[in-house]
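# Architecture at a glance
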Amino acid sequence: MCGIVGYAGDRPCRDILFRGLRKLEYRGYDSAGISVITEGQFDLLHSVGNLDRLEEILNQMPNQSHLGIAHTRWATHGRPSNENAHPHLDCTGRFAIVLNGIVENYLALREQLQGEGHEFTSETDAEVVAHLIERAFRGDLREAAAEAFRQMEGHFTYVAITTEDPETMVAVRKETPLVIGLGEKENFLASAVTAFLSETRTVIFPDDAELVTVTRDSVVITDLDGNVIERQAEEVDWDEDAAEKGGYETFMLKEINEQPTALADTLAERVTHEGRVELEGLGLEDGDIRRLRQVIIVACGTSHHAGLVGKYALEKWARLPVEIDVASEFRYRDPVIGPDTLTIAITQSGETADTLAAMRLARQAGSKVLAITNIVGSQATREADGVLFTRAGLEIGVAATKTFEAQVLAVILLALYLAEVRGHLADEYVKQLTEEIRRVPTMLNGYLEDGRLAQIEAVATRYAKERFFLYLGRNIGLPVCMEGALKLKEISYIPSESYAAGEMKHGPIALLDEGSPVVVVATDGHTYEKLISNIQEVKARGAHVIAVASEGNKAIADMADEVFYVPKTDEVLSPLLATVPLQLFAYYVATANGESVDQPRNLAKTVTVE
Ligand code: AGP
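Counting starts from 1 at the beginning of each chain's written sequence and moves along it residue by residue. In keeping with the predicted nature of the model, local features appear solely for residues at pLDDT of at least 70, side-chain atom pairs appear and are counted solely at 80 or more, and the whole-chain, interface and lining totals rest on all residues. To get the side-chain values, take all heavy atoms of the structure and skip hydrogens and water.

Moving on, we come to the site of the ligand. Around the ligand lies a shell of 13 residues, among which S303, T347, Q348, S349 and T352 are the nearest. Under this definition, polar contacts are N or O atom pairs within 3.5 Å; protein pairs additionally need one hydrogen-donor-capable and one acceptor-capable atom, and for neighbouring residues in sequence, both atoms have to be side-chain atoms. Backbone polar atom of Q348 to an oxygen atom of the ligand: 2.7 Å apart, as the coordinates give it. At 2.5 Å, a side-chain N or O of T352 approaches an oxygen atom of the ligand. Sorting the residues of the shell around the ligand by element identifies helix 10 (301–318) and helix 17 (477–492) as the ones contributing at least two each. Only DSSP runs of H or I reaching four residues or more are called helices, and only runs of E reaching two or more are called strands; each is numbered from the N terminus. With three residues, helix 10 is the largest single contributor of residues to the shell around the ligand. We call a residue near a given molecule or strand whenever any one of its heavy atoms falls within 4 Å of it.

So this is what it looks like as structure tokens:
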């Protein structure tokens, strides 16, 4: 997730662009850059680190230009560096582009362009766009940008400018945000309204595959063939705070809604056209993978719950014994580790002190260490033998939501990859699974758009004053319960306990009384019937059951007091869907009680102390 700003107008634009970037810093801040056109030439600034670094050198660029583009980066392809920072130029230095998103076929395009003599200066996927435009340019930037778009796969937005036409910028989007701001003798482009809200509130939201050609005095929207599309401008009445949250009340709600994108980004380029999983940068040769005898997973909090899902997937598909522990315990154990052990550390921040210590212990004992993290350049990436990046974008809400979903997907992909290399799964089975995995972001998107949030909010509001919640699940539904209960604790401060449903009769059932709320994850799977018996047991004690169930399961509505239906999918993938209503339930309980969900008391987003 990166932030893009563009300006064409009467005023000198350097500082306008920089102020726009400041408003988009929440989208990423590992490097940044600005490119403006002054007297037919590009001026270009790049910096590594957050926007303070760019501000320090901003005066090196004259503030005379009236057209330019700017970018704040969240690294996905290529480490944070000056070379990888946007804007990127083509070989001739006539075209500059900024991009947000992922160009999935960039390697094939890059090879093709290199074969034709194009020289690349960065490791990014984005740079191909500058060269594609250079190759396609016949005097019209819009046509060249359209031609580039036709050749690109993935989900992205880019803005291009050229010294050949220094009054014009052209932008296009595909499944990632782009908004046009209309001003007096000036117009703006950005990833989010917040970038130009202090300048104008008149906006247009273009659709996918619509070319937006912007000058000081005009905004023209066309399809890829140049046919003009009429789009009505609208006025936004958000304040700056709301705009930063994309119109959502909180970052947490925004991030819950970003989960389909987090999944699509984490999946991008990792499944081949033949349906196989391909993962790079793991630091493991095929021989290492075949020799593995054991996997250890270490993590904290929500990341630990993602690891628990991974345990089921790794055992089922890769047939590897998996031990999992919270990092704060693991680091003080004397674990049995050998050279045939793979330790997987899951940490969205890549900076959690206990997880880093557990990684060091595992490495000293001779294990290879693989980090699953969301942050390029984090400490975990420096200390691991290999890295599998989640690509959830920056998460601001203290309660992890979209990073959990991306971690679960990453560990599922890893399990499939290890299984393939170890020869444990038939190609056809893997293909079916990867086809289903590809459907999940769309299913989740449909789920979030389907008006179900209102039902969850209504139920949450009814139960918001309860003093205790028990969460029950079995098998892969158990980590979903643990995550649901953690979310509730974190943001609503209501005590909650998550338990393996079969263990309930060994103690926790004593907690139940008339009307006690019990949340049960009862999605379809091989332990479903057992879970139904547990539901009957709690109902017999007068408890109220709130069930998460697979769509099409009508029978459960007769047993449970409330049902949150989720789309049906493969059992191992079900946590990707079943967790979401529990995130929302916790969210709405907390908001009904007036709690500050983005900054819950006593918690920090990243725990860098022991
Ligand atoms: C989750 O909502 C919490 N914020 C917390 O449990 C978190 O998952 C934990 O601190 C681990 O963080 P990490 O993934 O950055 O290592």
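The buried fraction of strand 15 (residues 294–299) amounts to six of the six residues, a majority that puts the element mostly inside the structure. With a 1.4 Å probe rolled over the protein chains alone, any residue whose accessible area is under 20% of its type maximum counts as buried; one over 50% counts as exposed, and the rest are partly exposed. Residues Q294, I296 and V298 line one face of strand 15 and the alternating positions V295, I297 and A299 line the opposite face, and both faces are buried. Relative to strand 17 (residues 341–347), strand 15 runs parallel, the two sharing six bridges. Residue pairing in the sheet places A299 in a bridge with I346 of strand 17. Where strand 15 lies against strand 16 (residues 322–326), five bridges are found, and the strand directions are parallel. At least two DSSP bridges between two strands are required for those strands to pair.

It is worth spelling out the sheet that holds strand 22 (residues 517–522) at this point. Strand order across the open sheet formed by five strands is 21-20-22-23-24, with parallel pairing between neighbours. Whereas interior strands pair on both sides, the edge strands pair on one side only; in this sheet they are strand 21 (496–500) and strand 24 (562–566). Within this sheet the neighbouring strands show an average axis-to-axis angle of 20°, counted without direction. Taken together, the six bridges between strand 22 and strand 23 (residues 544–550) define a ladder with parallel strand orientation. Looking at strand 23, one finds that V520 is bridged to A547. Strand contacts of helix 18 (residues 528–540): strand 20 (469–473), strand 22 and strand 23, with the helix running at about 170° to strand 22, the strand carrying the most contacts. In the packing of helix 20 (residues 574–592) onto the sheet, the strands contacted are strand 20, strand 22, strand 23 and strand 24, and the crossing angle to strand 24 comes to about 135°. Orientation is described by axes fitted as lines to C-alpha atoms, over the contacting stretch for helices, and by angles from 0 to 180 degrees between their N-to-C directions. Contact criterion: two residues are considered in contact whenever any of their non-hydrogen atoms come within 4.5 Å of each other.

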